[in-house]
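# Structure at a glance
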Amino acid sequence: MRVLLDRKPTSPSQLANDMGMTRGAITKLADRLLAKGLIDREASPDDGRSHTLRLTAQGADLVPKLAALADENGEECFGHLSDRDRSAMLRILKEAVTRLGLTAIPID
């Protein structure tokens, strides 16, 4: 939802590329957000076979609240780490992802 906040309506495939997720994962996530009324799906003005996603007003109102919660959680979990330790942790996690060949972000 953060990614959609300041964007014009965007195709699921573009979101997948920008977020490093599979199109299937984006579709599952979009279906859940649609059911909650947080995003809208519209036919693409450029290609009637495809569609775009955009935040609803309700979704846009919720993003800052969710972002603040995510930031608080991140600070609670990792705030004690120095910048050097955070960088090392991120490097190690990226190496693990590469070594394991992970290509999709779990959403369930």
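Before reading further, recall that the structure is shown in the block above.
The structure displayed is predicted, hence computed values, not measured ones. (Residues numbered from 1 in each chain as written. Predicted model: local features only at pLDDT ≥ 70, side-chain atom pairs only at ≥ 80, totals over all residues. Heavy atoms only, no water.)

## So, the environment of Thr98
- As for its position among the elements, Thr98 is in helix α5 (residues 83-100).
- Residues Thr98 and Leu5 lie 93 residues apart in sequence; the distance between their C-alpha atoms is 29 Å. (Helix = DSSP H or I, 4+ residues; strand = E, 2+ residues; numbered from the N terminus.)

## Details of the layout of surface pockets
- Taken as a whole, the largest pocket spans an internal volume of roughly 150 Å³.
- Residue lining of the largest pocket: Met1, Val3, Leu4, Leu15, Met19, Ile26, Leu29, Ala30, Leu33, Ile39 and Leu53, and that is the complete set.
- Elements represented by at least two residues in the lining of the largest pocket include exactly α1 (2-5), α2 (12-19) and α3 (23-35).
- Here the element with the most residues in the lining of the largest pocket is α3; it accounts for four residues.
- Tallied by class, the residues present in the lining of the largest pocket amount to eleven nonpolar, no polar and no charged. (1 Å grid on protein atoms, 1.4 Å probe; cavity = no way out; pocket = protein on both sides within 12 Å on 5 of 7 lines; lining within 4 Å. Points joined across faces, edges and corners; volume = space filled by probe spheres on them. Nonpolar A, V, L, I, M, F, W, Y, C, P; charged D, E, K, R; others polar.)

## What to know about α5
- Taking 1.5 Å of rise per residue, the 18 residues of α5 would be expected to cover 26 Å, and the 26 Å separating its terminal C-alpha atoms lies within 8% of that figure.
- Looking one or two residues past α5, Gly101 carries a phi angle of roughly 70°, positive in sign. (Expected span 1.5 Å × (residues − 1).)

## With respect to the pattern of salt bridges
- Considering all chains together, one arrives at seven salt bridges under this definition.
- Of the charged contacts in the structure, one is a salt bridge between Arg2 and Asp71, with a shortest N-O distance of 3.2 Å. Of this pair, Arg2 sits in helix α1 while Asp71 sits in helix α4 (residues 57-78); the two residues are 69 residues apart in sequence, bridging distant segments of the chain.
- Take Arg2: its relative accessible area is 48%, and that puts it in the partly exposed class.
- According to the relative accessible area criterion, Asp71 is partly exposed, its value standing at 48%.
- The closest approach of N and O atoms between Asp18 and Arg7, which form a salt bridge, is 2.5 Å. Of this pair, Asp18 sits in helix α2 while Arg7 is found in the loop between α1 and α2, placing the two residues eleven residues apart along the sequence. (Salt bridge = Lys/Arg side-chain N within 4 Å of Asp/Glu carboxyl O. Buried < 20%, exposed > 50% of the residue type's maximum accessible area, 1.4 Å probe, protein only.)

All we've got here are geometric facts, nothing functional implied.
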